[in-house]
Amino acid sequence: MDQMKRFAIYFAPRDGAFADAAAHWLGWDARTGQSVAQPDVVGIVDLTAAPRRYGFHGTIKPPFRLADGTTPVALGAAVASL
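I will try to describe carefully the structure that is included in this document. All values reported here derive from a predicted model rather than from experimental measurement.

The rules we used
- The residue numbering used here restarts from 1 in each chain and proceeds along that chain's sequence as written.
- Whole-chain, interface and lining totals are the exception, using all residues; otherwise, since this is a predicted model, local features are given only for residues with pLDDT of at least 70 and side-chain atom pairs are given and counted only at 80 or more.
- Note that the side-chain values use all heavy atoms of the structure and ignore hydrogens as well as water.
- Put simply, a salt bridge is a Lys or Arg side-chain nitrogen that is within 4 Å of an Asp or Glu carboxyl oxygen.
- Helix numbering and strand numbering both begin at the N terminus, where a helix is a DSSP run of H or I of at least 4 residues and a strand a DSSP run of E of at least 2.
- When a residue's accessible area, from a 1.4 Å probe over protein chains only, is under 20% of the maximum for its type it is buried; when over 50% it is exposed; and in between it is partly exposed.
- To obtain the arc, one takes the directions from the helix axis to the C-beta atoms.
- Note on contacts: a residue pair qualifies if any of its non-hydrogen atoms lie within 4.5 Å across the two residues.
- In this tally, Lys and Arg are treated as positive and Asp and Glu as negative; His is ignored, and so are the chain termini.
- What goes into a patch is any residue over 30% in relative accessible area without a salt bridge, connected to like charges within 9 Å or, for nonpolar side chains (Val, Leu, Ile, Met, Phe, Trp, Tyr), within 5 Å.
- For every accessible area listed, the method is Shrake-Rupley and the probe measures 1.4 Å; residues are considered covered only by the protein chains on display.
- Here a polar contact is recorded for every N or O atom pair within 3.5 Å, except that within protein the pair must consist of a potential hydrogen donor and a potential acceptor, and residues adjacent in sequence are included only if both atoms are side-chain atoms.

Once that is clear, we can look at the pattern of salt bridges. Applying the stated rule across the entire model yields 3 salt bridges. For the salt bridge of R31 with D20, the shortest nitrogen-to-oxygen distance reads 2.9 Å. Within this pair, whereas R31 is found in the loop between β2 (28–29) and β3 (34–35), its partner D20 is found in helix α1 (residues 17–26), the two being separated by 11 residues in sequence. On the basis of relative accessible area, R31 is assigned to the partly exposed category, the value being 39%. Exposure remark for D20: the relative accessible area of 43% places this residue in the partly exposed category. Measuring nitrogen to oxygen at the nearest pair gives 3.0 Å for the salt bridge that ties D29 to R31.

Structural data, given as structure tokens:
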């Protein structure tokens, strides 16, 4: 049944100055699920509208289904070792 689920692997910065600056730029802090004031830059609200929904992250592996015999636990262990 797990093969019907989709998984994805993303990178998000750890808490700290970089994560705070990224959230400030987007106007959304994905860690807290709250809006953040954006810098006073003309057009920034429109420019960041779509990415704001997802928060600041990098996609390492877009959504995929597990290969036969692979479990979510095994996937988690492989990602943790990465």
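Our next topic: α1. Given 3.6 residues per helical turn, the α-helix brings residues three or four places apart onto the same face. Three or more residues of α1 are buried, namely A19, A22, A23 and L26. All buried residues of α1 fall inside an arc of 100° around its axis, so they share one side. Buried residues along α1 sit in contact with β2 and α3 (49–52).

A word on the side chain of R52. One can find R52 in helix α3. One buried charge, R52, has no salt-bridge partner; the nearest side chain with opposite charge is D46, at 7.1 Å. Ignoring anything within four residues of it in the chain, the contact list for R52 reads L26, G27, W28, Q38, I44 and V45.

Take a nonpolar patch on the surface next. Residues W25, V41 and L47 make up a contiguous nonpolar surface patch of about 310 Å² in total accessible area. Within the secondary structure, W25 sits in helix α1.

So, about the side chain of T48. Of note, T48 is situated in the loop between α2 (44–47) and α3. Judged by relative accessible area, T48 falls into the buried class, the value being 2%. A polar atom in the side chain of T48 sits 2.6 Å from the side chain of R52. What T48 contacts, discounting residues up to four positions off in sequence, is W25, L26 and Q38.

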